[in-house]
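Descriptive analysis of the structure
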Amino acid sequence: KGPVEDFGIDGLIRMFAAFSSGGTWRFFQEPEEATAVVAKNQVRGVKLGRVGGEKALARLLQWKDASFEFEPRIDPSVKEPPIAVDTLLDAALEEVKRLRQLDIADLPLDLEIVVDSFEAEVARHHCSTAEESIIALAAVKLTIRKILDITPESDSRIYPALLSLRHHKVLRTIDPKA
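Residues numbered from 1 in each chain as written. Predicted model: local features only at pLDDT ≥ 70, side-chain atom pairs only at ≥ 80, totals over all residues. Heavy atoms only, no water.

Relative to strand 4 (residues 42–48), strand 3 (residues 32–39) runs antiparallel, the two sharing 6 bridges. Along strand 4, the bridge assignment pairs Thr35 with Lys47. Hairpin connection between strand 3 and strand 4: a loop of 2 residues separates the two successive antiparallel strands, and Lys40 in this loop has a positive phi of roughly 50°. One ladder, built from 2 bridges, connects strand 4 with strand 7 (residues 83–84); its direction is antiparallel. When the sheet's bridge partners are listed, Val43 is paired in strand 7 with Ile83. Of the strand pairs in this sheet, strand 4 and strand 5 (residues 51–52) are connected by 2 bridges, and their pairing is antiparallel. In the sheet register, Leu48 faces strand 5, and the bridge partner there is Val51. (Pairing = 2+ DSSP bridges. Helix = DSSP H or I, 4+ residues; strand = E, 2+ residues; numbered from the N terminus.)

What follows concerns the pairing of strand 8 (residues 112–115). With burial as the criterion, each face of strand 8 is covered, one bearing Glu112 and Val114 and the other bearing Ile113 and Val115. Note that strand 8 and strand 9 (residues 171–174) share 4 bridges and pair antiparallel. The residue bridging Glu112 from the neighbouring strand is Ile174, located in strand 9. (Buried < 20%, exposed > 50% of the residue type's maximum accessible area, 1.4 Å probe, protein only.)

The final tally for this structure, using the stated rule, is 3 aromatic pairs. Chaining the aromatic ring pairs together yields one cluster made of Trp25, Phe27, Phe68 and Phe70. (Phe/Tyr/Trp six-rings, centres within 6.5 Å; stacked < 30°, edge-to-face > 60°.)

Look at helix 7 (residues 155–167): 18 Å from first C-alpha to last across 13 residues, which is about the 18 Å you get at 1.5 Å a residue. Considered for burial, the residues of helix 7 that qualify are Asp155, Ser156, Ile158, Tyr159, Ala161, Leu162 and Leu165. Those residues of helix 7 that are buried are in contact with helix 2 (53–60), helix 3 (85–100), strand 8, helix 5 (129–138), helix 6 (144–150) and strand 9. In the stretch just after helix 7, Lys169 is the one whose phi turns positive, near 60°. (Expected span 1.5 Å × (residues − 1). Contact = heavy atoms within 4.5 Å.)

A word on the packing of helix 1 (residues 9–19) against helix 3. Axis separation between helix 1 and helix 3 bottoms out at 10 Å; the angle between their running directions is 170°. With respect to each other, helix 1 and helix 3 are oriented roughly antiparallel. Along its contact with helix 1, which presents Asp10, Ile13, Arg14 and Ala17, the element helix 3 presents Val85, Asp86, Leu89, Asp90 and Leu93. The residue makeup of the contact of helix 1 with helix 3, split by class, is 5 nonpolar, no polar and 4 charged. (Axes fitted to C-alpha atoms, helices over the stretch in contact; angles between N-to-C directions. Parallel < 35°, antiparallel > 145°, perpendicular 65-115°, else oblique. Nonpolar A, V, L, I, M, F, W, Y, C, P; charged D, E, K, R; others polar.)

A word on helix 3. Between its first and last C-alpha atoms helix 3 spans 22 Å; for 16 residues at 1.5 Å apiece the expected length is 22 Å, and the two agree. Regarding helix 3, the residues found buried are Val85, Leu88, Leu89, Ala92, Glu95, Val96 and Leu99. The buried residues of helix 3 occupy an angular sector of 120° when projected down its axis, which confines them to one face. If you follow the buried residues of helix 3, they end up packed against helix 1, strand 3, strand 4, helix 2, strand 7 and helix 7. (Arc of directions from axis to C-beta.)

Assignment of secondary structure puts Val140 in the loop between helix 5 and helix 6. Remark: the alpha-carbon pair of Val140 and Pro3, spanning 137 residues in sequence, is separated by 39 Å.

Below, the discussion takes up the pattern of salt bridges. In a structure, side chains of opposite charge can pair up when their charged atoms sit close to one another. Applying the stated criterion across every chain, the model contains 14 salt bridges. Arg14 is the salt-bridge partner of Asp86, the closest N and O atoms lying 2.6 Å from each other. Taken together, the residues Asp86 in helix 3 and Arg14 in helix 1 connect sequence positions 72 residues apart. Note on Arg14: relative accessible area 26%, which makes it partly exposed. Across the pair Asp149 and Arg59 runs a salt bridge, and its minimum N-O distance is 2.4 Å. In this pair, Asp149 is assigned in helix 6 and Arg59 in helix 2, connecting sequence segments 90 residues apart. The burial state of Asp149 is the same as that of Arg59; both residues are buried. One network of salt bridges, with partners in common, ties together Glu32, Arg50, Lys55, Arg59, Arg145, Asp149 and Asp155. (Salt bridge = Lys/Arg side-chain N within 4 Å of Asp/Glu carboxyl O.)

Put into structure tokens, the structure is as follows:
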């Protein structure tokens, strides 16, 4: 139990995966909590809210002021196909690297997305799969966080689609607090 700053989340997972028979990590960064289940140098599952797997781990690796707890038992509620720790961590770290290259500072997670129906219809013939998914989800005024959570593609593919759609005036963002 303690802060992750000394080892980093990836360091803690690698270390305990290599030297323990298994267990469940709980990471906390208010107001969120994440769970990672590791056994015999394999990740059995990662969960952060409604998101799991590599997508959840990539988000978790971006936490700066997290704390953790480790339980030497496997949490049965986290069920994903096992994957080698190094394979999953390397993929998640690559996703974090791609996200850091994006200019997304003006897209806070709590902004709602609103679709311009006319522009969406015009653009629909030229949209990527990610853009089509975003248009469909934005039709019900979801926040950026919910769109990221629901869309199965990686966040580093969704953000450029959001930016492109906003640039082409297919959608706009509104602050629900305003």
